[in-house]
Amino acid sequence: MKPDCSKGNLCHDLHGEATVTVNVLTDGSVGDTYPKGTNQILMDAAEEAARHCRFEPGTFAGKPTSMNFDLHYKF
């Protein structure tokens, strides 16, 4: 999912990058999120988008396992 930076949103017309480390849970949903970047508005937009993502969970010994994954966003 991409951040919504359409007109009227705080991130509209801002440029930069943000990375969000997400904890992908065993059901493919997102647990904890850890945004990184230099602009708080872009980090907030990236984190909000990351929370709505769904993933194929990782596996270990044939069983689903949680894992961390970095999502990189360019604005």
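Above this text is the structure in question.
First, a word on scope: everything that follows refers to the structure included in this document.

**A closer look at the environment of Leu25**
- Residue position: Leu25 is located in the loop between β1 (17-24) and β2 (30-37).
- Sequence spacing of Leu25 and Asn68 is 43 residues, and the spatial spacing of their C-alpha atoms is 8.8 Å.
- Residue contacts for Leu25: discarding those within four places in its chain leaves Val30, Gly31, Pro57 and Ser66.

**Considerations on the nonpolar core**
- One finds Ala18, Val20, Val22, Val24, Val30, Met43, Ala46, Ala49, Ala50, Cys53, Leu71 and Tyr73 forming the largest nonpolar core, which totals twelve residues.
- When residues of this core are traced back to their parent elements, those giving at least two are β1, α1 (40-51) and β5 (67-74).

**Describing the side chain of Thr21**
- Examined against the element boundaries, Thr21 turns out to sit in strand β1.
- What makes Thr21 buried here is its relative accessible area of 11%.
- For Thr21, the side chain forms a polar contact with the side chain of Lys36, separated by 3.2 Å.
- Excluding residues within four positions of it along the chain, Thr21 makes contact with Asp32, Thr33, Tyr34, Lys36, Asn68, Phe69 and Asp70.

**Overview of the sheet that holds β5**
- Read across the sheet, three strands follow the order β2-β1-β5 without closing on themselves; strand pairing throughout is antiparallel. Each having just a single partner strand, β2 and β5 make up the two edges of the open sheet. For this sheet, the mean inter-axis angle between neighbouring strands, taken without regard to orientation, is 20°.
- Both β1 and β5 contribute to a ladder of eight bridges, which runs antiparallel. Residue pairing across strands places Val20 opposite Leu71, the latter belonging to β5.

**Topic: the state of the cysteines**
- Taken as a whole, this structure holds one disulfide when the rule is applied.
- Residue pairing for Cys5: its cysteine sulfur links by disulfide to Cys11, the two sulfurs lying 2.0 Å apart. Looking down the S-S bond of the Cys5 and Cys11 bridge, the torsion is -110°, so its handedness is left-handed.
- Cys53 takes part in no disulfide bond, and the closest cysteine sulfur to it belongs to Cys5, at a distance of 14 Å.

Cut-offs used in this document
Residues numbered from 1 in each chain as written. Predicted model: local features only at pLDDT ≥ 70, side-chain atom pairs only at ≥ 80, totals over all residues. Heavy atoms only, no water. Helix = DSSP H or I, 4+ residues; strand = E, 2+ residues; numbered from the N terminus. Contact = heavy atoms within 4.5 Å. Core = buried A, V, L, I, M, F, W, Y, C linked by side-chain atoms within 4.5 Å. Buried < 20%, exposed > 50% of the residue type's maximum accessible area, 1.4 Å probe, protein only. Polar contact = N/O pair within 3.5 Å; in protein donor to acceptor, adjacent residues only side chain to side chain. Pairing = 2+ DSSP bridges. Axes fitted to C-alpha atoms, helices over the stretch in contact; angles between N-to-C directions. Disulfide = S-S within 2.5 Å.

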